[in-house]
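Breakdown of the fold
Listed below, chain by chain, are the residues.
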Amino acid sequence: MARIEFNEVAHSYLKNPKGDADYALKRIHNAWEDGGAYALLGPSGCGKTTLLNIISGLVNPSKGKVLYDGREVAGLSPEKRNIAQVFQFPVLYDTMTVFDNLAFPLRNRGTAKAEVEKRVREVAEILDLTHFLNQRAAGLAADAKQKISLGRGLVRSNVAAILFDEPLTVIDPHLKWHLRRKLKEIHEQLKLTLIYVTHDQVEALTFADKVVVMYEGEIVQTGTPEDLFENPEHTFVGYFIGSPGMNFLPCKIDGNMARIDGAKIPLDEKTAVMARNVREKLELGIRPMYLEVTPFAVENGVPVQIVLIEDQGSHKIVSVKLAGQLVRAVVPEDKPVPEGKAWIVFPQQKIKLFADKRLLKSEGATL
């Protein structure tokens, strides 16, 4: 296992990049600690797979250094970096048995027969593959084949890290939960460094101890699932994490109020003071589940018009118009929702302000 560090890494697939727009990755400075479980989360095209392939050595970055335990690994192949990589589609030898598929990475490195037998059976037990060891891989279902692919990465006990590139995309939805749980158990049991690429926030948040959110070739935030939900440092994180995502409303500061056209929303003193001297475009952000919807005029309530009510069974998603802006609120199933006119309340402690898409916070503040 190893601590993997990117020192000002950037990459372009063009020979002569002119500017930021030509880079698939833009100045990444980040570390993945030994034994951690990480998810790289973001939409298609944000740079996740490029970053993963730079870690493994399949791609050499245009700029910057990649360090394993402080040692630069520029030019070293995945084999010399001692990396195992699991891809979206299972990489197997269909004519071989499950045992021989799992044993292949060890035999290829000249591992003693007794150690091969021991490791294969240990990994097969972890992945519930023991009953399939003597069967050919060709006849197995997709989830079993992907487990074999996972096992080929796990069977080497001394790997620096195991990298997963959307490994559950081809798996039936009802089987994904089982494999995610299995990966979580494997990490807790073996303490391997795992880096998992996905565009699915559920996969990322249930698998990883730390989630690395990527957007347009940059890492916009790294944190625990709770960090990302409660304190998004970029509007993309607020939008991408959570269902429905965070509401964002363009606003201006008027004393201790955020003004959205004619509507005024009270802010706490600390937030208002931070925002008064900001010259960039300001947006107020709040999670839908923190908004209170009421049929009556209340203190600090803002009048709105009900547009749509979506009953989700356990809760309702209520869409309202506020000063021409669409806002969504989550209302408990057992709470009635008025028709037509209503009022919503913004709890001050749950309001976030963003300046030019970045979270506004006091100097030196930590989240």
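Residues numbered from 1 in each chain as written. Predicted model: local features only at pLDDT ≥ 70, side-chain atom pairs only at ≥ 80, totals over all residues. Heavy atoms only, no water.

**Regarding the overall build of the protein**
Broken down by element type, the protein carries 10 helices and 22 strands. Considered along the principal axes of its C-alpha atoms, the protein spans approximately 75 × 50 × 30 Å. A burial count over the protein gives 48% of its 367 residues as buried. Carbon together with sulfur atoms contributes 49% to the accessible area of the protein, which is approximately 17,800 Å² in total. For the protein, the separation between the mean place of its 47 positive charges and that of its 46 negative charges on side chains is 4 Å. (Helix = DSSP H or I, 4+ residues; strand = E, 2+ residues; numbered from the N terminus. Buried < 20%, exposed > 50% of the residue type's maximum accessible area, 1.4 Å probe, protein only. Areas by Shrake-Rupley, 256 points an atom, 1.4 Å probe, with all protein chains shown as cover. Lys, Arg positive; Asp, Glu negative; His and termini not counted. Charge placed at Lys NZ, Arg CZ, Asp CG, Glu CD.)

**Some points on unusual backbone geometry**
The omega torsion across Ser243 and Pro244 is 0°, close enough to zero to call that bond cis. One non-glycine residue, Asp69, adopts positive backbone phi at about 50°. One can find Asp69 in the loop between β4 (63-68) and β5 (71-72). Positive phi is not limited to glycine here, since Asp128 has a value of about 60°. Turning to its location among the elements, Asp128 is positioned in the loop between α4 (113-126) and α5 (142-154). What makes Asp128 partly exposed here is its relative accessible area of 39%.

**Observations regarding the packing of aromatic side chains**
With the rule as written, the count across this model stands at eight aromatic pairs. Centroid distance Phe164 to Tyr196: 5.9 Å. Interplanar angle 40°. Geometry classified as tilted. On the criterion of sequence distance, the pair formed by Phe164 in strand β7 (residues 161-165) and Tyr196 in strand β8 (residues 194-198) is long-range, its members being 32 residues apart. By relative accessible area, which is 1% here, Phe164 ends up buried. Tyr196 sits in the buried class, given a relative accessible area of 1%. Here the aromatic residues Tyr215, Phe236, Tyr239 and Phe240 are joined through ring pairs into a cluster of three or more. The side chain of Arg287 reaches across the aromatic face of Phe229, ending 4.3 Å from its centre. (Phe/Tyr/Trp six-rings, centres within 6.5 Å; stacked < 30°, edge-to-face > 60°. Lys NZ or Arg CZ within 6 Å of the ring centre and 35° of its normal.)

**Here we look at the sheet that holds strand β17 (residues 302-311)**
The strand order across the open sheet built from five strands is β16-β20-β17-β18-β19, with neighbouring strands paired in antiparallel fashion. Bordering the open sheet on either side are β16 (292-294) and β19 (325-332), each of which pairs with just one other strand. Each strand axis lies, on average, 45° off the axis of its neighbour in the sheet, ignoring direction. Relative to strand β20 (residues 341-345), β17 runs antiparallel, the two being bridged by four bridges. Residue pairing across strands places Val302 opposite Ile344, the latter belonging to β20. (Pairing = 2+ DSSP bridges. Axes fitted to C-alpha atoms, helices over the stretch in contact; angles between N-to-C directions.)

**So, the layout of surface pockets**
Here the largest pocket defines a volume of roughly 460 Å³. Lining of the largest pocket is provided by 18 residues; of these, Ile83, Ala84, Gln85, Arg152 and Arg156 occupy positions nearest its centre. Secondary-structure elements contributing two or more residues to the lining of the largest pocket are α2 (78-81), β6 (83-86), α3 (98-107) and α5. Examining the composition of the lining of the largest pocket, we find that four residues originate from one element, β6, more than from any other. (1 Å grid on protein atoms, 1.4 Å probe; cavity = no way out; pocket = protein on both sides within 12 Å on 5 of 7 lines; lining within 4 Å. Points joined across faces, edges and corners; volume = space filled by probe spheres on them.)

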